[in-house]
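Geometric and topological summary
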Amino acid sequence: KPVAWGYEGDIGPCNWHKYFPKAGGKRQSPIDIDTSATQYDGSFKPLRIHYDSHMCSSLTNNGHTFCMSVNSDQCNLSGGPLEDKYRLLQFHCHWGSDDTKGSEHTVDGHQYAAELHLVHWNTDKFKSADEAIEKNQGIAVLTAFIKAGKEHRGWNHVLSHFKDIKKVQGTSTVNEDFNPKCLLPENQTDYWTYEGSLTTPPCHESVRFIIFKEVVEVSSEQLAQFRSLCVCSSRKRDTGEDEHLVDNFRPIQPLNGRVVKASFQ
Ligand SMILES: COc1ccc(C[C@H]2SC(=S)NC2=O)c(OC)c1
Ligand SMILES: [Zn+2]
């Protein structure tokens, strides 16, 4: 029987380690990026992000976030700090109850309104994503910070399906010609990178994070649409209101001597 976990109360992040022991490990995520302590690494090759846009994908509300699962073997990531080729598995976001919080990683203590995770698995070393998520170097997550600003047209292709996934376990098939690359910042050469973990249970220490320095803007109205998702299926709170999915970010974890590398000086 899967153990329930969440972002508040007894099942919140402070107690994850009781049922998910890796949550108490030495290379956990997210972390604060102290830009005065990052180390420039001139050895990184250019990042190679090749996504096709003819992939059929499905959007689900899994009760912790919305998840766009991608099943195209044409969406690959390599180069940069990576030794192997990785395939896009899914993308999702973390966000707050207002525009002042929501990202998982922070930069010099600053928290952004949301954070996009494009999750990839190592197809050179492993036979399946399920195997890769538990293994060192198994997962690579392209990460972009999001702040409130001008409207982002690309995000509307995803948000237009949210009415179908408002309830938990709601799912919607996305067939339109959508390339998730449009969700990334223009500057894809300046990023930080470090070795961490899944930011939700089971918190496997299998993740190489690649975090773009340039922040993506979406409108406040688009951010509000993230918050329209519900956590409960039909259960109404005592107030009769739906409980909305917000503040689905894990607190900052100890760096434990890890060094965050920078692709730029
Ligand atoms: C059981 O395997 C899992 C569980 C959860 C996630 C998503 C987490 S990991 C991350 S970074 N952000 C998230 O919300 C996985 O992603 C590969 C894999
Ligand atoms: Zn995530």
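To keep things clear, this report deals only with the structure shown in the data block.

The rules we used
- In this numbering scheme, every chain counts its residues from 1 along its sequence in written order.
- Whichever chain is written first becomes A and whichever ligand is written first becomes 1, with later ones labelled in order.
- Under the rules for a predicted model, residues below a pLDDT of 70 receive no local features and side-chain atom pairs below 80 are neither given nor counted, while totals for whole chains, interfaces and linings still include all residues.
- Side-chain figures throughout are based on the complete set of non-hydrogen atoms in the structure, without hydrogens or water.
- A run of H or I in DSSP counts as a helix once it spans at least four residues, and a run of E counts as a strand once it spans at least two, with each numbered from the N terminus.
- Every radius of gyration here is taken over C-alpha atoms, with the globule rule written as 2.2 Å times N^0.38, N being the number of residues.
- Relative accessibility decides the category of a residue: with a 1.4 Å probe and only protein chains considered, values under 20% of the type maximum give buried, values over 50% give exposed, and everything between is partly exposed.
- Here, two residues are considered to be in contact whenever any of their heavy atoms come within 4.5 Å of each other.
- Accessibility throughout is a Shrake-Rupley quantity obtained with a 1.4 Å probe, and a residue counts as covered only by protein chains that appear here.
- His is not counted, nor are the chain ends, whereas Lys and Arg count as positive and Asp and Glu as negative.
- The atoms used to mark charge sites are NZ of Lys, CZ of Arg, CG of Asp and CD of Glu.
- Whether a residue is near a molecule or strand depends on its heavy atoms: it is near if one of them lies within 4 Å of it.
- Whenever two N or O atoms come within 3.5 Å, that pair is a polar contact, provided that in protein one can donate a hydrogen and the other can accept it, and provided that, for residues adjacent in sequence, both atoms are side-chain atoms.
- As used in this record, nonpolar core signifies buried Ala, Val, Leu, Ile, Met, Phe, Trp, Tyr and Cys residues forming a set joined through side-chain atoms within 4.5 Å.
- We count a salt bridge whenever a side-chain nitrogen from Lys or Arg sits within 4 Å of a carboxyl oxygen from Asp or Glu.

**Remarks on the overall build of the protein chain**
Per the secondary structure count, the protein chain includes 4 helices and 15 strands. In terms of C-alpha radius of gyration, the protein chain reaches 18 Å, essentially the compact-globule figure of 18 Å for 265 residues. Counting only C-alpha atoms and orienting by the principal axes, one finds that the protein chain spans roughly 55 × 45 × 40 Å. A buried classification covers 52% of the 265 residues belonging to the protein chain. In the protein chain, the proportion of contacts linking residues at least 24 apart, taken out of those at least 6 apart, comes to 72%. A total of about 12,300 Å² of accessible surface is found on the protein chain, and carbon and sulfur atoms cover 49% of it. If you average the places of the 29 positive and of the 34 negative side-chain charges in the protein chain, the two averages end up 4 Å apart.

**Quick look at the site of ligand 1**
Taken together, Gln90, His92, His94, His117, Val119, Ile133, Leu198, Thr199, Thr200, Pro202 and Phe209 are the residues near ligand 1. The side chain of His92 places a nitrogen or oxygen atom 3.1 Å from a nitrogen atom of ligand 1. Between a nitrogen atom of ligand 1 and a side-chain N or O atom of Thr199, the distance comes to 3.2 Å. If you list the elements that add at least two residues to the shell around ligand 1, you get strand S7 (86-95) and strand S9 (114-122).

**Let's talk about the nonpolar core**
The nonpolar side chains of soluble globular proteins are, as a tendency, buried together. The biggest cluster of nonpolar side chains holds 43 residues, and the ones touching the most others in it are Phe66, Leu116, Leu142, Trp155 and Phe226. Here Leu116 is in contact with Phe91, His92, Cys93, Leu142, Thr143, Ala144, Ile146, Trp155, Leu183 and Leu184, once residues within four sequence places are set aside.

**A closer look at the pattern of salt bridges**
In this structure the tally under the stated criterion is 7 salt bridges. Residues Asp247 and Lys101 are paired through a salt bridge, measuring 3.9 Å at the closest nitrogen-oxygen approach. In this pair, Asp247 is assigned in the loop between helix H4 (220-226) and strand S15 (261-262) and Lys101 in the loop between S7 and strand S8 (106-107), connecting sequence segments 146 residues apart. Assessed through its relative accessible area of 22%, Asp247 is described here as partly exposed. Taking the relative accessible area as the measure of exposure, Lys101 reaches 26% and is therefore partly exposed. Where Glu195 meets Arg208, a salt bridge forms, and the shortest distance between an N and an O atom there is 3.5 Å. Of the two residues, Glu195 is situated in strand S12 (residues 191-196) and Arg208 in strand S13 (residues 207-212); the sequence distance between them amounts to 13 residues. Judged by its relative accessible area of 18%, Arg208 is buried.

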